[in-house]
Amino acid sequence: MLKIRNLTKTFYPNTPEENQIFDHFHLDVEANKCTTILGPNGCGKSTLFNLITGAIPADEGTFYLDDVDMSAMDERERANYIGRVSQDPSRGVSPSLNILENMALARRKSETFTLKHLLKHTDEAAVVARLKELDLGLENKLNTKVKFLSGGQRQSLSLLMATTKRPNLLLLDEHTAALDPKTSRIIMEKTAELIEREHMTTLMITHNLKHAIDYSHRIIMLDRGRIVLDVAANSITEAELVQKYNENIEKIMA
Ligand SMILES: Nc1ncnc2c1ncn2[C@@H]1O[C@H](COP(=O)(O)OP(=O)(O)OP(=O)(O)O)[C@@H](O)[C@H]1O
C-alpha cells in the first residue's frame, strides 16, 4: 500500500510565476490493485509521479510504501521499490543497446557493474522466457538494438523491464498514449495480466476513460492538486465518467 500524507509542492515559490500544485495532499493507494488517475492537462498528475519517485523534491510530506518510509530516500534508492513506464517509448529503455543488454540492466537495476559483467551473470533462458510472455517474437531478436523496435515493442519491453524485479509500486504514466488503438489495447491487456499475476500495487495515469474503467479497480480525478472524484471503477459507466470529466473541465475553464 502507498500512503501519501501532507504532500505540498510549489514551483517557483515567492516569484510572479509561483505555481502551487499540491497543498497538504493525502492519498492511500490500495495494495495489489490498479488505481487510475484522471485529470485535465496540467492538473499535476505527472508531478505527483515525479514526487513519488523523488525525481523532484517535495516541499513537505511523507511517502510510505508497504510501511517503508521513503520520504528521506533519494531517487536512486526509491528506484529499488518503484517501477515506472512513461508515455515516451524511448524512455525506460536504452535505445542504443540491444534487447538482451536492456533486460540485463533491468535485472540488476541498482547495482553498479559494467554491462559486460551484467551480461555474464544474466540468465539468458530466463530473459527469453519473460520475453515469450509478450508474444511479440522479441525472444528471437535478443541482439537487435532497441531503437529498431516499433513503439509498441519498446513499450512492451519497457513494461517488462519496469517489472522484472517485482516493484512494490508500479507507476504507469500514459504508457499507451503514443500507440495506435490496437497496440494500445494489446499493451493494456498485457499490463493488466502482469498486475493481476504479480499482485502489483499500481497507479496509472491515462486520458483513456475506457481503459480506466476496464482495467482499474478505482478511479480518481484530480483538479489542481485536489481529488474531485474517487469511485470504484465498476460503479461508473463510461458515459457517466465522460460527464464528470467534462463538468470538471468546464469548471476549470470557467
Ligand atoms: N519541473 C517543473 N518545474 C516547473 N513547473 C513544473 C515542473 N513540472 C511540472 N510543472 C508545472 O506543474 C503543472 C502540472 O504539470 P504536470 O506535468 O504534473 O501536469 P499533468 O496533469 O501531468 O498534465 P498532462 O496531462 O498534460 O501530462 C504545470 O503547470 C506544469 O507547468
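Residues numbered from 1 in each chain as written. Predicted model: local features only at pLDDT ≥ 70, side-chain atom pairs only at ≥ 80, totals over all residues. Heavy atoms only, no water.

In the nomenclature of an unreviewed UniProt entry, the protein is known as ATP-binding cassette domain-containing protein of Peptoniphilus equinus.

The next subject is the state of the cysteines. The final tally for this structure, using the stated rule, is 0 disulfides. You can see Cys-34 has no disulfide; the closest cysteine sulfur is in Cys-43, sitting 17 Å from it. Relative accessible area serves as the criterion here: at 4%, Cys-43 is assigned to the buried category. (Disulfide = S-S within 2.5 Å. Buried < 20%, exposed > 50% of the residue type's maximum accessible area, 1.4 Å probe, protein only.)

Our next topic: the packing of aromatic side chains. On inspection of all chains with the given rule, the structure shows 1 aromatic pair. On the numbers, 4.9 Å between centres and 55° between planes, the contact of Phe-22 with Phe-25 is tilted. This pair shows no difference in class: Phe-22 is buried, exactly as Phe-25 is. (Phe/Tyr/Trp six-rings, centres within 6.5 Å; stacked < 30°, edge-to-face > 60°.)

Attention now moves to the site of the ligand. The environment of the ligand is made up of 14 residues, and the closest members are Asn-41, Gly-42, Lys-45, Ser-46 and Thr-47. In the model, an oxygen atom of the ligand is placed 2.9 Å from a nitrogen or oxygen of the Ser-46 main chain. A total of 640 Å² of accessible area belongs to the ligand in isolation, and the protein chains cover 64% of it. Within the residue set of the shell around the ligand, elements represented by two or more residues are strand S2 (19–29) and helix H1 (45–53). With 3 residues, H1 is the single largest residue contributor to the shell around the ligand. Taken together, the residues that form the shell around the ligand break down as 5 nonpolar, 7 polar and 2 charged. (Near = heavy atom within 4 Å. Polar contact = N/O pair within 3.5 Å; in protein donor to acceptor, adjacent residues only side chain to side chain. Areas by Shrake-Rupley, 256 points an atom, 1.4 Å probe, with all protein chains shown as cover. Helix = DSSP H or I, 4+ residues; strand = E, 2+ residues; numbered from the N terminus. Nonpolar A, V, L, I, M, F, W, Y, C, P; charged D, E, K, R; others polar.)

Within the secondary structure layout, Val-242 lies in helix H9 (residues 238–253). As for Val-242 and Lys-210, which are separated by 32 residues in sequence, their C-alpha atoms are 9.7 Å apart.

The antiparallel open sheet is built from 4 strands, whose spatial order is S2-S1-S4-S5. Every other strand in the sheet has two partners, leaving S2 and strand S5 (68–69) as the edge strands with one partner each. As defined by bridge partners, strand S1 (residues 2–11) adjoins S2 across 7 bridges and the pair is classed as antiparallel. Directly across from Leu-7, in S2, lies its bridge partner Phe-25. Those strands touched by H1 are S1, S2 and strand S4 (60–65), and its axis lies near 115° from that of S1. (Pairing = 2+ DSSP bridges. Contact = heavy atoms within 4.5 Å. Axes fitted to C-alpha atoms, helices over the stretch in contact; angles between N-to-C directions.)

What follows covers the packing of helix H6 (residues 151–163) against helix H7 (residues 181–198). Where H6 meets H7, the closest approach of the two axes is 10 Å, and the angle between their N-to-C directions is 15°. Accordingly, the angle class assigned to the pair H6 and H7 is roughly parallel. Crossing angle aside, the handedness with which H6 passes H7 is right-handed. Two secondary-structure elements touch here, H6 through Gly-152, Ser-156, Leu-159 and Thr-163 and H7 through Thr-183, Ile-187, Lys-190, Thr-191 and Leu-194. (Parallel < 35°, antiparallel > 145°, perpendicular 65-115°, else oblique. Left-handed = near helix turned anticlockwise from the far one by under 90°.)

We now examine the packing of helix H5 (residues 124–134) against H7. One can describe the packing of H5 onto H7 by two numbers: an axis separation of 10 Å at closest approach and a directional angle of 125°. With respect to H7, the element H5 is oriented oblique. Here Arg-130, Glu-133 and Leu-134 of H5 lie close against H7, whose contacting residues are Lys-190, Leu-194 and Arg-197. Residue classes in the contact of H5 with H7 are distributed as 2 nonpolar, no polar and 4 charged.

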